[in-house]
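# Commentary on secondary and tertiary structure
Here's the letter readout for the chains.
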Amino acid sequence: MANNGRPDADARADIAIDDAGELPYALPLELTVQDPETVAELVSHAEGEERERFALTALRIGVLALRQARGRIDADVVRRESDRLLETLQARFDDHSRHLHDRIAGSLGEYFDPNDGRLHERIERLVRKDGELEAVIRRQIGTEDSELCRTLAVHFGNDSALMRLLRPDQSDGLLASLRDTVEKQLDTQREHVLRQFSLDNKEGALARFIAELCESQDGLTKQLHEKIDVAVRQFSLDDDDSALSRLVRNVREAQQTITSEFSLDDERSALARLRKQLLELMQEDRKTNRDFQEQVKTALAEMRTQRTEAARTTLHGHDFESAVFECIQRQAQRLGDVPTPTGNTPGLIRHCKKGDCVIELGPESAAPGAKFVIEAKEKAGYALPVARAEIEEARKNRAAQVGLFVYSKKCAPPGLEPLGRFGHDVFVVWDAEDPATDVVLQAAVSLARALCVRTHKHDEAVQVDFAEIDRAILEIEKRANSFDEIETSVETIKRQADKIAKTASTARKSLLSQVELLNTRIAATRTALATAAEEPV
């Protein structure tokens, strides 16, 4: 292909590309084709859009071929092919890993399965009664026709070469040569021993031993006398540096120190210092008790004054519930609790207003946020069962942990204790006009607070992660199921151990019998050797 003779248009296109820094969306070309083959192929397509589409396709194929010839490979194609190759390799590796794992597991199970594995079967065949191991042991060291018996018979039997050499009637045998050699050596050794133990020989062993013994005895006697003198000096009180004198001094000094430390005459002694500290503590305790008594008296006076004012206020129009709330409110504020009157507002139960007051324990208490509800009644006809039912309903209505039911002394059931408790509910009898009964109401409030603290602590203690419990139960069940396998393995081991013990016992008996046989043969051989040695040549 050649240019169409429009250099100015191409130049303008090149300048546009360079200036813009990016390729144009479309590039118009007007070409004159002179290659015969290309012309023939173009002519074979209809003139117009079809021929132009074919020409563009051919141009693209040519450009791609030229780029590939210059080594410019499409990076996207390479990346996609690489990813596809890696995925294929990963799949192949996964299949191979699973196949290899299955084969290894099958092979291990085939050889090491405790029920029907080849190794188990092989061991069973080897150690069972009349098995291969027992047969080999019996064949090697068994009865008279065993390999051991035949070997011993060959080497130690009556017709063996050894026994022929050991026969006493053989003049050129081993016994005759041994007897001659032994007699010569005995004569030589006898003479040498006699020379060593003769006192006439000053160089003999006995003479040298007697001389060295005399020298050692003299040295030992001298050293013993010296050591005895040293020991006697250590136990003598006449010597101030002896061990006994030092021990006596140390005992006396320790006795004096103990006596001085436990003497009241010396103000610096331990006992005197202890007495002084005890007296100081007792004085401080007396002072603390006096201060406490003064504080109690002051508090009681304030309580009487406050109760008198409260009684006066109650007589001026307040009802019994308001008097109870005012009395408890003062105590709650001192303790940092939050009192809330709830007698006119419904609670959790629909249209239910049970519960005249709710006390919420403050953040500084042992159970922050815990609640107890108060129900005050100055009305006849409230027996204890009725009161218990009503305070229980009040607890549920106000979401409280503890309930406090306050009876008016005017309407309390006869025989009811001033203060009592039934489970999570406290019952108290209070006289709004008698300040002396405020102590009982305050004690009831303290008891209700203590029950709130105990309930709060119990609720904290019983908070359990049930998911952990479920996991623990599943783990226990799983481990419990494994006990069947363990018991099976234990039974198998016990059976194998019994078989091994029985086989070992049989082998031991056989070996003991063979050892006895060998001992008998060796004793007979020794007797024969001794007899041959005693006979004259």
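### Re the overall build of the protein
Across its full length, the protein carries 16 helices and 6 strands. Each of the 537 residues in the protein was classed as buried or not, and the buried ones make up 18%. Long-range contacts, defined here as pairs at least 24 residues apart, represent 46% of the contacts in the protein between residues at least 6 apart. As presented, the protein carries roughly 40300 Å² of accessible surface, and 56% of it is formed by carbon and sulfur atoms.

### Here we look at the pattern of salt bridges
In this structure the tally under the stated criterion is 11 salt bridges. For the salt bridge of Glu390 with Lys377, the shortest nitrogen-to-oxygen distance reads 3.3 Å. Of the two residues, Glu390 sits in helix H14 (residues 384–398) while Lys377 sits in strand E3 (residues 371–377), which places them 13 residues apart along the sequence. With a relative accessible area of 7%, Glu390 lands in the buried category.

### Describing a negative patch on the surface
Where like charges cluster on the molecular surface, the negative patch consists of Asp238, Asp239, Asp240 and Asp241. In this fold, Asp241 is placed in the loop between helix H10 (205–234) and helix H11 (243–261). Taking relative accessible area as the criterion, Asp241 reaches 58% and is therefore assigned exposed.

### Notes on helix H13 (residues 320–335)
Over its 16 residues, H13 extends 23 Å from the first C-alpha to the last, a length consistent with the 22 Å expected when each residue adds 1.5 Å. Within H13, burial applies to Phe320, Ala323, Val324, Phe325, Cys327, Ile328, Gln331 and Ala332.

What counts as what
Residues numbered from 1 in each chain as written. Predicted model: local features only at pLDDT ≥ 70, side-chain atom pairs only at ≥ 80, totals over all residues. Heavy atoms only, no water. Helix = DSSP H or I, 4+ residues; strand = E, 2+ residues; numbered from the N terminus. Buried < 20%, exposed > 50% of the residue type's maximum accessible area, 1.4 Å probe, protein only. Contact = heavy atoms within 4.5 Å. Areas by Shrake-Rupley, 256 points an atom, 1.4 Å probe, with all protein chains shown as cover. Salt bridge = Lys/Arg side-chain N within 4 Å of Asp/Glu carboxyl O. Patch = residues over 30% accessible without salt bridge, like charges linked within 9 Å, V, L, I, M, F, W, Y side chains within 5 Å. Lys, Arg positive; Asp, Glu negative; His and termini not counted. Charge placed at Lys NZ, Arg CZ, Asp CG, Glu CD. Expected span 1.5 Å × (residues − 1).

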